[in-house]
Every structure is written in C-alpha cells, then in structure tokens.
Amino acid sequence: MEKKDLLIIMPAHNEEKNLPGLLHQMELEGISRMADVLIINDASEDATARIITERGYKMVSNVFCLGYGGAIQVGYKYAVQQGYQYVVQMDSDGQHDPCNIAVLYQRLLCQDGTGRQPDIVLGSRYLEGSRSFPLSAAKRMAHWMFRALIRLMTGQTITDPTTGLQGLSRRAFSCYAQYNNFDVKYPDANMLMQMLLLNFRVVEVPAIMHLRKAGTSIHSGLKPLWYMPRMIFSTLAIVFRIKGLKIGDRNRQA
C-alpha cells in the first residue's frame, strides 16, 4: 500500500471505552484514503492495545508511561523517520471529531499571497463555525490569559492557545522531534509561544469538538492547580530563552 504524505498521530492511555467509537467514526469518514494513522499506546493497562491491533492500525507501544507530551513526541519522531510531510495530531478520547482532519490538512496545503504554506494549523473552539462543549470558567480564564500573553510577546492573536488539535508541516514537527525543543510533560501554550517567536507560521481554523464520554482527563482532580503556575513559568522561560538569550535561532529560517 502506498504511503501517504499525511500521518495522523494519536496518543492513547487507557482509552478502551472511547477508542472503538472514534476509530469507527474515522472509518466512516474515510480517513484511511487521505492519511496513515499511528496510535501511540502509552503503557495502557486496559484493552487499548488489543483494540488497536484487532482493527489493524499501526501502533507504537511505550513500555513505560511517558505522558501525553512524551507519547506525542514519539509520533513526531516516527513521522520524521518515515518521511511524512504533514502530521495531524488528535486526542484518542473522542473529543476531537474526525471531520476536522480534512479541514486541517487542506489548510496546511493552502498557500498565502507569497506562496508560503502554514507550519501549524490550530483547531480552534472560538472561531465562527466552531462547535464545542461548555468550558469551565477556570479554563476560559486560562485561555484568556495565554491569549493575552501571546499577543503581548508576539503581536499575533491566537483565539485557542491550548488546543491539542493541530496540523503540522514537516518543518514544525521536525523541530518538535529534536531534543529539548518540546515540553514532553505539558506541551501547550508554551510550545505555541516558542514556535511563534521562532517565526513559524501559525493559523487557525474552526473545529468541532465533543465532551469526553468516558475515562479521566489529564487535567482532572488537583492537576490544574499545578498546571497553571507551571505553564506560566514555562511560557515566560521560553520568552527569556528566545528573546533574551537568543537560543533557537537555528530554527528561525523561513
């Protein structure tokens, strides 16, 4: 079978209840005609690996749980090694509707007035035409804060700076695949700040998202209490590293 230019990467940790429905929907959407799919089984302890194998999808299994960021970086490294030109990353819990894949991919291929394609396409919950589930006041406040910080430091307005639904060019995911270029613990608004400061071209498209039906979010319980100060510190550290210390200039070339 001919390898596609586009790879879908999906980190999965204990998603036996959500994964079958999501994969079925992807099959109904005909995703396999436009893309290869790689599911990173992040040391799941349930039937996640069996489901992936039985349905015939490519799988990388982590012996130890690397967490969301570590698992998704495995996908970037795989995409670099296998020669893919584009990546779409999406969650395996059913929150990211498969209908978004074609939208992200087509936007990655679209050139601007100077003939340049975007490096990163974000699936936004806040643009006209998007559809999402209600967000808590705390999450909306976090989005507003990171939106303001990115605007202040880069001059660019990003409506949804924490979205995990993204399309990436080879230039972008090759950067993420390198050592120390990607936060393997909490890759979020901090990574977006990094890429904007390094002159990667970032655009947004409306996205369709759903509420998780089963399982536990990585931001459940008391985790948000640690997440917010860590993300603020990480984002400001990236600004200092790139704007103050001028580290990362090798990635600035257009």
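Above this text you will find the structure in question.
Let us look at the structure shown here.

What counts and how
Residues numbered from 1 in each chain as written. Predicted model: local features only at pLDDT ≥ 70, side-chain atom pairs only at ≥ 80, totals over all residues. Heavy atoms only, no water. Helix = DSSP H or I, 4+ residues; strand = E, 2+ residues; numbered from the N terminus. Contact = heavy atoms within 4.5 Å. Polar contact = N/O pair within 3.5 Å; in protein donor to acceptor, adjacent residues only side chain to side chain. Core = buried A, V, L, I, M, F, W, Y, C linked by side-chain atoms within 4.5 Å. Buried < 20%, exposed > 50% of the residue type's maximum accessible area, 1.4 Å probe, protein only. Patch = residues over 30% accessible without salt bridge, like charges linked within 9 Å, V, L, I, M, F, W, Y side chains within 5 Å. Areas by Shrake-Rupley, 256 points an atom, 1.4 Å probe, with all protein chains shown as cover. Salt bridge = Lys/Arg side-chain N within 4 Å of Asp/Glu carboxyl O. Pairing = 2+ DSSP bridges. Right-handed = clockwise from strand over helix to strand, strands pointing away. 1 Å grid on protein atoms, 1.4 Å probe; cavity = no way out; pocket = protein on both sides within 12 Å on 5 of 7 lines; lining within 4 Å. Points joined across faces, edges and corners; volume = space filled by probe spheres on them. Nonpolar A, V, L, I, M, F, W, Y, C, P; charged D, E, K, R; others polar. Axes fitted to C-alpha atoms, helices over the stretch in contact; angles between N-to-C directions. Parallel < 35°, antiparallel > 145°, perpendicular 65-115°, else oblique. Left-handed = near helix turned anticlockwise from the far one by under 90°.

A few words on the environment of glutamine 194. Note that glutamine 194 resides in helix H7 (residues 189–197). Residue contacts for glutamine 194: discarding those within four places in its chain leaves Tyr176, Asn181, Ile238, Arg241 and Ile242. At 3.0 Å, the side chain of glutamine 194 and the backbone oxygen of asparagine 181 are in polar contact.

Grouped together as the largest cluster of nonpolar side chains are 35 residues, with contacts concentrated most on Leu7, Ile9, Tyr76, Ile120, Leu168 and Tyr176. Listed by contribution, the elements that provide at least two residues to this core are strand S1 (6–12), strand S2 (36–42), helix H3 (67–82), strand S5 (120–124), helix H5 (137–154), helix H6 (170–177), H7 and helix H8 (223–244). The dominant element in this core, judged by the number of residues it contributes, is H7, at six residues. The next biggest cluster of nonpolar side chains, apart from the first, holds 31 residues, and it includes Met10, Ala12, Ile51 and Ile101.

Right, let's get into a nonpolar patch on the surface. Together, Phe240, Leu245 and Ile247 make up a nonpolar patch on the protein surface, roughly 300 Å² of accessible area in all. By the secondary structure assignment, phenylalanine 240 is in helix H8.

Looking now at the pairing of strand S6 (residues 166–169). Both faces of S6 are covered, namely the face carrying Gln166 and Leu168 and the face carrying Gly167 and Ser169. For strand S4 (residues 86–89) and S6, the ladder comprises four bridges, and the chain directions are antiparallel. Paired with valine 88 across the strands is glycine 167, a residue of S6. Note: S5 against S6, three bridges, orientation antiparallel. In the sheet register, isoleucine 120 faces S6, and the bridge partner there is leucine 168.

Of all seven residues in S1, seven are buried; the element is thus mostly enclosed. The alternating pattern of S1 places Leu6, Ile8, Met10 and Ala12 and Leu7, Ile9 and Pro11 on opposite faces, both of which are buried. With four bridges joining them, S1 and S4 adopt parallel strand pairing. Along S4, the bridge assignment pairs isoleucine 8 with valine 88. The handedness of the S1 to S2 crossover, carried by helix H1 (residues 19–28), is right-handed.

With that settled, consider the layout of surface pockets. Estimated volume of the second largest pocket: approximately 320 Å³. Around the second largest pocket, the lining comprises 16 residues; the ones closest to its centre are Ser32, Ala35, Asp36, Val37 and Tyr57. Contributing elements (two or more residues each) for the lining of the second largest pocket: H1 and S2. Here the lining of the second largest pocket is built from residues that sort into six nonpolar, three polar and seven charged.

With that settled, the discussion passes to the packing of H3 against H6. A pair of packed helices can be characterised by two numbers: the angle between their axes and the separation between those axes. Between H3 and H6, whose axes approach to 8 Å, the crossing angle comes to 120 degrees. Accordingly, the angle class assigned to the pair H3 and H6 is oblique. Read as a crossing pair, H3 and H6 show a hand that is left-handed. Listed contacts from H6 to Gln73, Tyr76, Lys77, Ala79 and Val80 of H3 are Arg170, Phe173, Ser174, Tyr176 and Ala177. Residue classes in the contact of H3 with H6 are distributed as six nonpolar, two polar and two charged.

Between H6 and H7, whose axes approach to 12 Å, the crossing angle comes to 120 degrees. What the angle tells us is that H6 and H7 run oblique. At the point where H6 passes H7, the crossing takes the right-handed sense. Mapping the contact onto sequence places Ala172, Cys175 and Tyr176 in H6 and Met191, Gln194 and Met195 in H7.

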